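Residues per chain are reported as follows:
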Amino acid sequence: MSQSFLSHLTDTLAQIEAEGLYKRERLITSPQGGEITVGDRQVINLCANNYLGLADHPALIAAARDALEPKGFGMASVRFICGTQDIHRELEQRLARFLNKDDAILFAACFDANGGLFEPLLGPEDAIVSDALNHASIIDGIRLCKAKRYRYANSDMGDLEAQLKQARADGARHVMIATDGVFSMDGYLANLPEITRLARAYDALVMVDDCHATGFMGPHGAGTPDHFGLDVDILTGTLGKALGGAIGGYIAGPQPVIDLLRQRARPYLFSNSLPPAIVMAGIEAIRLVEEGADLRARLFDNARYWRAGLTDLGFDLLPGEHPIIPVMLGEAKLAQDMAARLFDEGVYVSGFFFPVVPRGQARIRTQMNAALTREELDRALAAFATAGKALGVI
């Protein structure tokens with residue numbers, strides 16, 4: 001390889017390190033859970049998307065194991081060639097019923113779902129109006145589409161209306177509003193009641209990425225539309241967070257939307273279908289969620305207790321009702337130092353900093369799950385108190 005190119009990469013990495021932005025990975029030697037083993041240490045895990053604590057649930061492990069003999073290890077094919085088993089359609093139909101949609105289509109991940117959504121549905125005559133803080137997968141999916149792009153300030157409904165007016169003034173044939181259901185760095189919920197009202201007023205579609213809501217938001221756990229008691233046109237989401245924490249994404253919506261995506265969504269057409277074990281565990285995860293009012297109640301009890309405990313200690317938190325509870329620290333180095341000190345105290349968290357969040361808004365993003373006990377939360381609060389005082393945060 002070219003030495004000048006390698007030197008360029010080395011210099012770039014050194015600059016990332018010097019700015020305190022270098023990301024390091026710790027090796028976990030246990031299943032994902034409320035407590036995990038890192039090396040030879042057991043620590044409380046407060047940074048997984050394992051909201052309902054299902055990642056190591058015995059029923060999901062059994063469902064995955066029981067799929068291997070009758071269904072095999074992998075499909076070695078894309079869906080339209082010879083990669084569709086009966087269980088793939090079963091999972092899609094279960095997801096559709098759970099989300100109150102006509103049908104659903106599976107992808108390897110929600111990043112692929114968002115990457116494959118826009119281009120088949122919208123052309124250069126159309127427009128997409130996107131929230132400024134949408135997930136990178138939505139941004140990348142929109143970039144792959146020839147539709148005109150409009151952006152509105154995060155959750156600014158006045159700006160959204162202005163962009164809708166502009167899209168209509170520019171002669172857009174069809175307009176789609178694209179938003180996260182929950183903005184994952186902040187734990188803020190999209191204002192879906194006002195978004196859907198404006199969509200009706202300007203004859204626009206609404207697409208919601210509900211990765212950080214499916215399974216636990218709303219009275220039935222069906223996400224942010226369920227939480228607000230309303231309907232949106234298209235939902236994307238994942239099996240990789242509350243629904244077992246493995247991998248796999250989906251799009252759910254009206255039948256013609258799903259049918260066209262099966263014909264033209266490139267990540268669907270050119271990626272292997274999900275392994276049978278993941279599919280069967282996904283079906284079981286939906287069953288647990290549908291019967292999981294107690295898990296949702298425990299999750300939000302934990303979130304309220306944790307937020308109150310951090311507030312009493314004097315930490316600067318972003319307000320909200322979601323189990324994502326960010327502890328604001330400001331600078332990247334402080335966030336990394338805080339995460340390291342907390343690990344020393346027996347708590348696993350990660351510092352979030354640029355480019356994941358804007359410069360000057362570094363944080364520790366804590367996340368609650370239903371598997372955490374009150375005793376574990378109290379130990380974690382004591383660790384935050386020790387680390388926060390040592391670093392002058394509180």
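Up top is the structure.
The model shown is predicted, which means the values in this text are computed figures rather than measured ones.

Rules used in this analysis
- Residues numbered from 1 in each chain as written.
- Predicted model: local features only at pLDDT ≥ 70, side-chain atom pairs only at ≥ 80, totals over all residues.
- Heavy atoms only, no water.
- Helix = DSSP H or I, 4+ residues; strand = E, 2+ residues; numbered from the N terminus.
- Rg over C-alpha atoms; globule rule 2.2 N^0.38 Å.
- Buried < 20%, exposed > 50% of the residue type's maximum accessible area, 1.4 Å probe, protein only.
- Contact = heavy atoms within 4.5 Å.
- Areas by Shrake-Rupley, 256 points an atom, 1.4 Å probe, with all protein chains shown as cover.
- Lys, Arg positive; Asp, Glu negative; His and termini not counted.
- Charge placed at Lys NZ, Arg CZ, Asp CG, Glu CD.
- Expected span 1.5 Å × (residues − 1).
- Pairing = 2+ DSSP bridges.
- Axes fitted to C-alpha atoms, helices over the stretch in contact; angles between N-to-C directions.
- Parallel < 35°, antiparallel > 145°, perpendicular 65-115°, else oblique.
- Left-handed = near helix turned anticlockwise from the far one by under 90°.
- Nonpolar A, V, L, I, M, F, W, Y, C, P; charged D, E, K, R; others polar.

### Thoughts on the overall build of the chain
Item 1. From N to C terminus, the chain includes 15 helices and 15 strands.
Item 2. The globule rule puts the C-alpha radius of gyration for 394 residues at 21 Å, and the 22 Å found for the chain is close to it.
Item 3. Within the chain, buried positions represent 53% of all 394 residues.
Item 4. Residue pairs at least 24 apart in sequence account for 70% of intrachain contacts in the chain once pairs closer than 6 positions are excluded.
Item 5. Here the chain has roughly 17300 Å² of accessible surface; of this, 53% comes from carbon and sulfur atoms.
Item 6. Taking the average location of the 38 positive side-chain charges in the chain and that of its 49 negative ones, the two points are 2 Å from each other.

### A short note on helix H5 (residues 110-121)
Item 1. The end-to-end C-alpha separation of H5 is 17 Å, in line with the 16 Å expected for 12 residues at 1.5 Å each.
Item 2. Listing the buried residues of H5 in full gives Cys110, Ala113, Asn114, Gly115, Gly116, Leu117, Phe118 and Pro120.

### Section: the sheet that holds strand S15 (residues 362-367)
Item 1. Strands sit in the order S12-S15-S14 across an open sheet of three strands; the sheet is antiparallel. Two strands close off the open sheet at either side, each with one partner strand: strand S12 (324-330) and strand S14 (351-352).
Item 2. Against the sheet, helix H13 (residues 293-313) engages S12 and S15, with an angle of about 20° to S12.

### Thoughts on the packing of helix H14 (residues 332-344) against helix H15 (residues 374-390)
Item 1. Taken N-terminus to C-terminus, the directions of H14 and H15 make an angle of 135°; their axes are 9 Å apart at the nearest point. On the basis of their axis angle, the class for H14 and H15 is oblique. The crossing of H14 and H15 is right-handed. Facing H14, whose interface residues are Met338, Arg341 and Leu342, H15 presents Ala383, Phe384, Thr386, Ala387, Gly388 and Ala390.
Item 2. Among the residues forming the contact of H14 with H15, the class breakdown is six nonpolar, two polar and one charged.

### Re the environment of Gly141
Item 1. Within the secondary structure layout, Gly141 lies in helix H6 (residues 136-143).
Item 2. A relative accessible area of 0% means that Gly141 is categorised as buried.
Item 3. The sequence separation of Gly141 and Thr311 amounts to 170 residues, and the corresponding C-alpha distance is 38 Å.
Item 4. In this view, Gly141 contacts Asn114, Gly115 and Phe118; residues no more than four positions away in its chain are not counted.

So, to be careful, I would describe these as geometric facts and stop short of saying anything about function.
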